[in-house]
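Now for the letters of each chain:
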Amino acid sequence: QVDLDTNPSLHLIRSMAGAFSADECRRIAGLGNARPAMDGKTEDHRERYRASEVVWIEPGADAHWLYHKLAVLFSDVNVHYGFELLGLLDPLQYTVYGAGQHFDWHIDVGGGAASLRKLSLTVQLTDGADYTGGDLEFHDDIDLQQQRALGTATVFPSFLAHRVTPVVSGVRRSLVAWACGPSFR
């Protein structure tokens with residue numbers, strides 16, 4: 001019989017309140033607002049599956065501080081998951097959800113380069129009191145109301161199903177990043 005180590009943290013969602021200051025959240029929104037936006041459709045183009053606006057923030061001099069901070073956060077939280085990580089391969093995704101916009105149930109792992117995603121991280125860039133609806137939810141149905149606080153970073157394995165419920169009023173802004181590594185085996 002072969003003894004195999006198990007990972008009891010594999011299904012856990014970690015929420016870090018205050019990971020980003022209000023000033024850092026404004027700076028991130030400034031980076032996103034300064035770049036061209038596009039419709040946030042997914043590759044499968046399912047009608048009404050996702051409605052949002054996305055901006056891709058590539059590595060550059062103005063975003064160096066942000067990439068560095070995210071790399072440190074991923075490294076710190078990965079102590080709990082124990083994944084083999086190489087770094088950030090995808091550009092960062094700044095997402096804006098207005099009234100009626102949402103992202104239905106999905107996982108962040110997919111084909112091609114998306115198959116290398118191990119950890120997903122979402123930063124709350126809007127104070128939760130400034131909009132209604134727009135909740136980041138997971139199938140585990142755990143209470144993550146604290147993740148609506150400005151500057152909170154929520155980290156989870158990229159293969160966990162999650163969604164953003166429709167925004168009822170106001171605007172929800174978030175930043176999404178993925179830490180990548182060699183294929184699961």
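Look up: the structure comes first, before these words.
Residues numbered from 1 in each chain as written. Predicted model: local features only at pLDDT ≥ 70, side-chain atom pairs only at ≥ 80, totals over all residues. Heavy atoms only, no water.

**Student:** I keep staring at the sheet that holds strand 6 (residues 102-106) and nothing clicks. Help me out?
**Tutor:** By way of backbone hydrogen bonds, the strands of a sheet pair with one another, either parallel or antiparallel. Taking strand neighbours across the sheet as the criterion, the four strands line up as 3-6-11-9 in an open arrangement whose pairing is antiparallel. At either end of the open sheet lies a strand with only one pairing partner, and these are strand 3 (50-51) and strand 9 (136-138). (Pairing = 2+ DSSP bridges. Helix = DSSP H or I, 4+ residues; strand = E, 2+ residues; numbered from the N terminus.)

**Student:** Honestly, the nonpolar core in this entry has me stumped. Any pointers?
**Tutor:** Inside soluble globular proteins, nonpolar side chains tend to come together where they are buried. If you look at the biggest cluster of nonpolar residues, it comprises 30 residues, and the most contacted ones within it are Phe20, Leu66, Leu70 and Leu175. The set of elements that each furnish at least two residues to this core consists of helix 1 (22-33), strand 4 (53-57), helix 2 (64-81), strand 5 (92-97), strand 7 (117-124), strand 10 (153-157) and strand 13 (172-180). Of the residues forming this core, the biggest block, eight residues, is contributed by helix 2. Those residues within four positions of leucine 70 in sequence are excluded, and the remaining contacts are Phe20, Leu88, Leu92, Leu121, Val123, Leu175 and Ala177. Core analysis: the second largest hydrophobic core is formed by ten residues, Leu136, Phe156, Leu160 and Val167 among them. (Core = buried A, V, L, I, M, F, W, Y, C linked by side-chain atoms within 4.5 Å. Buried < 20%, exposed > 50% of the residue type's maximum accessible area, 1.4 Å probe, protein only. Contact = heavy atoms within 4.5 Å.)

**Student:** Looking at this structure, I do not really get the packing of aromatic side chains. What am I missing?
**Tutor:** Each pair of aromatic rings is reported with the distance of its centres and the angle of its planes. Across all of its chains, the model carries five aromatic pairs by this definition. Note on phenylalanine 83 and phenylalanine 184: the rings are 5.6 Å apart at their centroids and 75° apart in plane angle, and the pair reads as edge-to-face. Remark: phenylalanine 184 occurs in the segment after strand 13 and phenylalanine 83 occurs in the loop between helix 2 and strand 5; sequence separation between them is 101 residues. Accessibility expressed as a relative area gives 11% for phenylalanine 83, which makes it buried. A relative accessible area of 45% places phenylalanine 184 in the partly exposed class. Ring plane angle 75° and centroid distance 4.8 Å describe the contact between phenylalanine 138 and phenylalanine 156, whose orientation is recorded as edge-to-face. One end of the pair, phenylalanine 138, is in strand 9; the other, phenylalanine 156, is in strand 10, and 18 residues separate them in sequence. Of the two residues examined, phenylalanine 138 and phenylalanine 156, each falls in the buried class. Pairwise contacts between aromatic rings join Tyr81, Phe83, Phe159 and Phe184 into one cluster. Positioned above the aromatic ring of tryptophan 178 is the side chain of arginine 117, whose terminal nitrogen or guanidinium carbon lies 3.8 Å from the ring centre. (Phe/Tyr/Trp six-rings, centres within 6.5 Å; stacked < 30°, edge-to-face > 60°. Lys NZ or Arg CZ within 6 Å of the ring centre and 35° of its normal.)

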